[in-house]
Amino acid sequence: MDTYLEPGRETAREFFRRSIRHGRLAHAYILIGPEGSRKIDFALELAKTLMCESGCKPGAVSCAVCRQVESGNHPDVRIIAPASAGGRVVIDDTREMRRLAYLARFQGPCKVFIVSQADRMTEAAQNQVLKVLEEPPENTVILLLAASLAGLVETVISRCAVVRLGRLSRESVQSELARQDEFPAEQVAWAARLSRGSISRAERLLRADAAEFNNLVAGAIISDAPDADMALADLLKGFSSAGRDNRQRRVLTIEAFDLLATLLRDALIIQLDIASENLYNVVVSDEKRDAAARSDNIGRLSLLFAPDDILDLLPAIADMQRRVDQNLNIELLCDCLSQRVFEHKMKAAP
Ligand SMILES: [Zn+2]
C-alpha cells in the first residue's frame, strides 16, 4: 500500500505554519495541484488557521469560527468559483472581489479570498485580480488555486508566491470516495489506484464503469477468437460513446487507451516479478473472488507478450493518445491500436 504521506502537501503546510508564526505571510499565493486534488480543502484549512482564535487542531472538534469557514459562511472568507461546471471565473466575479477587498473586515483578524480554477479565469477577470495585487489591501490574503501556471498571465504570477501542493495519496482519494458512498467499495479501491491523485479522474472512471471495461479489454486480448482484434477495437470505440461532444469523446478515448496501458503495465510487472502491490488492476478488498478473477486475466495476459513487446507498445499508446488529442479520427486510431496490440501478441505466441 501507499504511505499516507503526501509530501507536497505536508511541506506546504509546514511552509504556511512557519510563515504565519513569523508574521511573514505574503499578500497572495498561487496553490498548484492537479485537477481533482481538493486544493479547496487545503485553502479552507489555511483560512481556518488564519481565522480561528481558539487554536483548533485539524481533524479535532472545531470552534464556531472554524465551522463557519468550513461551511463557506464566514463573512471574511470569500470563495470565488465558476458559476457552473465547466464554466470560468469571469470579470463580474473578480470585479466584486476587488470591491470587497477594500471594505472593512467583518469579524475576523483578516480577510481571505480563494479563487477556484484561477488558471481558467478569463483575461479580463485576471486583470481585476491584478489590480488588487498591485495595491494589496491591508490584512488580506488571496489564494489562487490552479492546476498549473499555464493559464495565468505573467503579471499575476509575478505578484504571487507559488506553492506546489502535489498529488493526493491513493489513500486520500480512496477515503474521500468511500465517504461519498456512491460506488461499490472494491471499485473505489481500484479507481483510487488509477487516479494519479485526482478525485475527479477516479470519479470519471467509476461513472464510465471502467473496471468492467478493463475486464472486457483483458478478455478480448487473451481471446483466441479470429476476430478478437475487431472486438478490442469495438470496445475501445465504445468507451467514448458516452461522450456528449467531440471534446468529451476524445477525453474518454485517451482514458480508454490509458486503461489498456495499465493492463499491459501490470503484465510487465508480473513478468519482471515486481511486488504485486504495484499492480493497478488487482482490487484490494474483501471481494476476493472478483480480485482473483481479474488477476487471473492479467496473469494470462503476461504470458502472451514478451517484456520487449510491452516496452514497445507503451510509448506507441502514448503516441496515439497525442494523436487523439490532435483531433485525428478516433475510429481509425482505435483500429490501429488494436492491430498493434495483436501484432505483438502474435509475435510472442509460440
Ligand atoms: Zn477554531
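Not measured: the values here are computed from a predicted model.

For the overall build of the chain, give the residues involved together with the corresponding values.
Looking only at helices and strands, the chain features 15 helices and five strands. Principal-axis analysis of the C-alpha atoms places the extent of the chain at approximately 75 × 40 × 30 Å. For the chain, the proportion of its 350 residues judged to be buried stands at 46%. When contacts within the chain are restricted to residue pairs at least 6 apart in sequence, long-range pairs at least 24 apart make up 74% of them. Surface exposure of the chain reaches about 17600 Å², of which carbon and sulfur atoms provide 51%. Each charge class in the chain can be summarised by its mean position, and for the 45 positive and 49 negative side chains these summaries are 6 Å apart.

So what's going on with the domain arrangement of the chain? Residues and values would help.
Here the domain parsing of the chain yields domain 1 (7–164) and domain 2 (208–348). Measuring from the centre of the C-alpha atoms in domain 1 to the corresponding centre in domain 2 gives 40 Å.

Outline helix α10 (residues 210–222), listing residues and values.
Side chains that are three or four residues apart share a direction in an α-helix, a result of its 3.6 residues per turn. Taking 1.5 Å of rise per residue, the 13 residues of α10 would be expected to cover 18 Å, and the 18 Å separating its terminal C-alpha atoms lies within 8% of that figure. Of all 13 residues in α10, ten are buried, a share of seventy percent or more. Taken residue by residue, α10 has Ala210, Ala211, Phe213, Asn214, Asn215, Val217, Ala218, Ala220, Ile221 and Ile222 as its buried positions.

Lay out the pattern of salt bridges with the relevant residues and their values.
Per the counting criterion, the structure on display carries 21 salt bridges. Of the charged contacts in the structure, one is a salt bridge between Arg13 and Glu10, with a shortest N-O distance of 2.7 Å. Placement of both Arg13 and Glu10 in helix α1 (residues 7–21) is noted, with a separation of three residues, approximately one turn of the helix. Relative accessible area serves as the criterion here: at 33%, Glu10 is assigned to the partly exposed category. Between Glu96 and Arg99 there is a salt bridge, with its nearest N and O atoms 3.0 Å apart. Of this pair, Glu96 and Arg99 both sit in helix α4 (residues 91–101), separated by three residues, roughly a single helical turn. For Glu96, a relative accessible area of 36% gives the class partly exposed.

Help me get a handle on the sheet that holds strand β4 (residues 140–146), residues and values and all.
With respect to topology, five strands assemble into an open sheet ordered β2-β3-β4-β1-β5, the strand pairing being parallel. Pairing within the sheet leaves two strands with one partner each, and these edge strands are β2 (77–80) and β5 (161–164). Strand-to-strand twist across the sheet, computed as the mean angle between neighbouring axes with direction ignored, equals 20 degrees. For strand β1 (residues 28–32) and β4, the ladder comprises five bridges, and the chain directions are parallel. Across the sheet, the residue bridging to Tyr29 is Leu143, located in β4.

Hey, could you go over the confidence of the model for the chain for me, with residue numbers and the actual values?
Detailed conclusions should not be drawn from predicted coordinates in areas where pLDDT is low. Averaged over the chain, the pLDDT score is 89; the fraction of residues at 70 or greater is 93%. Under a pLDDT of 50 for its full length, residues 283–290 has, in the predicted model, ten contacts with residues more than four places off or in other chains.

Lay out the coordination of the zinc ion with the relevant residues and their values.
Each donor-metal-donor angle would ideally measure 109.5 degrees in four-coordinate tetrahedral geometry, or 90 or 180 degrees in six-coordinate octahedral geometry. Note on the zinc ion: its protein donors are Cys52 (SG), Cys56 (SG), Cys63 (SG) and Cys66 (SG). The metal-donor distances range over 2.3 Å. Around the zinc ion, the four donor atoms sit at angles spanning 104 to 114 degrees, and that spread fits a shape best called tetrahedral. Sequence spacing among the residues donating to the zinc ion works out to C-x3-C-x6-C-x2-C. The class of Cys56 is partly exposed, set by a relative accessible area of 25%.

Please provide a residue-by-residue account of unusual backbone geometry, values included.
We note that Asp209 has phi near 55 degrees; this positive angle belongs to a residue other than glycine. Tracing the backbone shows Asp209 in the loop between α9 (199–207) and α10. Despite not being glycine, Asp273 has its phi angle at roughly 60 degrees, a positive value. Examined against the element boundaries, Asp273 turns out to sit in the loop between α12 (246–271) and α13 (288–304). Judged by its relative accessible area of 68%, Asp273 falls in the exposed class.

Can you break down the packing of aromatic side chains residue by residue, with the values?
Pairs of aromatic rings are described using the distance from one ring centre to the other and the angle between the two planes. Following the criterion strictly, the structure yields five aromatic pairs and no others. Arranged with centres 6.3 Å apart and planes meeting at 80 degrees, the rings of Phe15 and Tyr29 form a pair that is edge-to-face. Separated by 14 residues along the polypeptide, Phe15 in helix α1 and Tyr29 in strand β1 bring together distant segments of the chain. When its relative accessible area of 1% is taken as the criterion, Tyr29 is described as buried. Taking 6.1 Å as the distance between ring centres and 55 degrees as the angle between the ring planes, the aromatic pair formed by Phe16 and Phe42 counts as tilted. Placement of Phe16 in helix α1 and of Phe42 in helix α2 (residues 39–51) is noted, with a sequence separation of 26 residues between them.

Criteria and cut-off values
- Residues numbered from 1 in each chain as written.
- Predicted model: local features only at pLDDT ≥ 70, side-chain atom pairs only at ≥ 80, totals over all residues.
- Heavy atoms only, no water.
- Helix = DSSP H or I, 4+ residues; strand = E, 2+ residues; numbered from the N terminus.
- Buried < 20%, exposed > 50% of the residue type's maximum accessible area, 1.4 Å probe, protein only.
- Contact = heavy atoms within 4.5 Å.
- Areas by Shrake-Rupley, 256 points an atom, 1.4 Å probe, with all protein chains shown as cover.
- Lys, Arg positive; Asp, Glu negative; His and termini not counted.
- Charge placed at Lys NZ, Arg CZ, Asp CG, Glu CD.
- Domains from an automatic or database assignment.
- Expected span 1.5 Å × (residues − 1).
- Salt bridge = Lys/Arg side-chain N within 4 Å of Asp/Glu carboxyl O.
- Pairing = 2+ DSSP bridges.
- Axes fitted to C-alpha atoms, helices over the stretch in contact; angles between N-to-C directions.
- pLDDT = per-residue confidence, 0-100.
- Donors = N, O, S within 2.8 Å, 3.2 Å for Na, K, Ca; no water.
- Tetrahedral: all angles 85-135°; square planar, octahedral: opposite > 155°, others 65-115°.
- Phe/Tyr/Trp six-rings, centres within 6.5 Å; stacked < 30°, edge-to-face > 60°.

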